[in-house]
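Structural characterization, general
Below are the chains, spelled out letter by letter.
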Amino acid sequence: MLKKIFETKNCEQPVPKQLIESNINPQFIPQHIALIMDGNGRWAKEQGKPRTYGHYAGAERLKEIVRIADNIGVKALSAYAFSTENWKRPASEVNFIMKLLDRYLTNEIDTFQKNNVCVRFMGSRDGLPKNVQEKMDNAVQKTKDNTGIILNLAINYGGQTEILEAVKRIAAEVKNGLLSIDEINLNCFESHLYTKDLPPLDLLIRTGGDRRISNFMLWQIAYAEIWNTEIYWPDFSSEFFLQAIRDFQKRDRRFGGLNTK
Ligand code: FPP
């Protein structure tokens, strides 16, 4: 099904207005973008509001970014909504984010469905409230045949855990005689990651000013381009997103080789 999704968008489609107006080359759109949506708390604090208000505004902002990304032809967006380390935050904030997820997955599913967005998740289910898990299953089930952008929400996600889980599954397959050690190569390893049927990661966008990876998509990031901004996530409008794409299009991606341009 995913293969079909990747083949459905082609160059014969009309070039979206946003691309023409924003000076973006339709032939060179990043296929898969990762988002570290940082700065919600600081944004809220600057407005004299509780941190949770920033998370609410951040969730609203994500909807806009999904729309514009889909409009310009991005195939997949992986958004870091809750990390394996975020459990260390005060219970009140964790509870708020869980409630927000529940509400988001209740209220937005019809819109995602209408807009042909395919919703998926990566991360561990351990410790997530039952109601959130049910909403996640429902969102996947309802949108699984959609052929537009894939919104891959990272919830209770950690890059190190993802790699460990892949190693464990591969080890079990070897132990059970389903796989030989010689068959373990890059393709085999990638097929055991959460992102196994997503396009390679092209671009990581981090808002909020910090210059670190924070345990996000450690394997997939190997040759992704990184774009940082001081802008807090709730302020990250479509215009900033398009700016990141324009900058991506100027990069000389060599993947360890020599000039490609
Ligand atoms: C980082 O900001 C953000 C998070 C830990 C959570 C991200 C969550 C959302 C954008 C909203 C939830 C998303 C959905 C889809 C419902 P921060 O709290 O670390 O901000 P700070 O660095 O200013 O403290």
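Now for a description of the structure that goes with this document. The shown structure was predicted, so the numbers you read here are calculated from the model rather than taken from an experiment.

Parameters and conventions
Residues numbered from 1 in each chain as written. Predicted model: local features only at pLDDT ≥ 70, side-chain atom pairs only at ≥ 80, totals over all residues. Heavy atoms only, no water. Helix = DSSP H or I, 4+ residues; strand = E, 2+ residues; numbered from the N terminus. Rg over C-alpha atoms; globule rule 2.2 N^0.38 Å. Buried < 20%, exposed > 50% of the residue type's maximum accessible area, 1.4 Å probe, protein only. Contact = heavy atoms within 4.5 Å. Areas by Shrake-Rupley, 256 points an atom, 1.4 Å probe, with all protein chains shown as cover. Lys, Arg positive; Asp, Glu negative; His and termini not counted. Charge placed at Lys NZ, Arg CZ, Asp CG, Glu CD. Core = buried A, V, L, I, M, F, W, Y, C linked by side-chain atoms within 4.5 Å. Near = heavy atom within 4 Å. Polar contact = N/O pair within 3.5 Å; in protein donor to acceptor, adjacent residues only side chain to side chain. Nonpolar A, V, L, I, M, F, W, Y, C, P; charged D, E, K, R; others polar.

Time to look at the overall build of the protein chain. Each helix and strand in the protein chain was counted, giving ten helices and six strands. Taken over C-alpha atoms, the radius of gyration comes to 19 Å for the protein chain, in line with the 18 Å a tight globule of 261 residues would show. Residues classed as buried in the protein chain amount to 48% of the 261 residues present. Taking as baseline every contact in the protein chain between residues at least 6 positions apart, the subset at least 24 positions apart corresponds to 76%. In the structure as shown, the protein chain presents an accessible area of about 13600 Å², 52% of it carried by carbon and sulfur atoms. In the protein chain, 36 positive and 32 negative side-chain charges are present, and the distance between their average locations comes to 3 Å.

What follows deals with the nonpolar core. Ranked by internal contacts, the top residues of the largest apolar core, which has 47 residues, are Ile 33, Leu 35, Leu 62, Leu 77, Ile 205 and Phe 241. If near-sequence neighbours (up to four positions away) are discounted, Leu 62 is found in contact with Leu 35, Met 37, Ala 79, Tyr 104, Leu 153 and Trp 233. Grouped together as the second largest cluster of nonpolar side chains are 13 residues, Ile 36, Ala 154, Tyr 157 and Ala 224 included.

Once that is clear, we can look at the site of the ligand. The environment of the ligand is made up of 18 residues, and the closest members are Asp 38, Gly 41, Arg 42, Arg 51 and Arg 89. Between an oxygen atom of the ligand and a main-chain N or O atom of Gly 39, the distance comes to 3.4 Å. One of the side-chain nitrogen or oxygen atoms of Arg 89 is found 2.7 Å away from an oxygen atom of the ligand. Residue assignment for the shell around the ligand shows that the elements contributing at least two residues are α3 (40–46), α4 (51–72), β2 (76–83) and α5 (91–107). For the shell around the ligand, the leading source of residues is α4, giving five residues. Tallied by class, residues from the shell around the ligand come to eight nonpolar, six polar and four charged.

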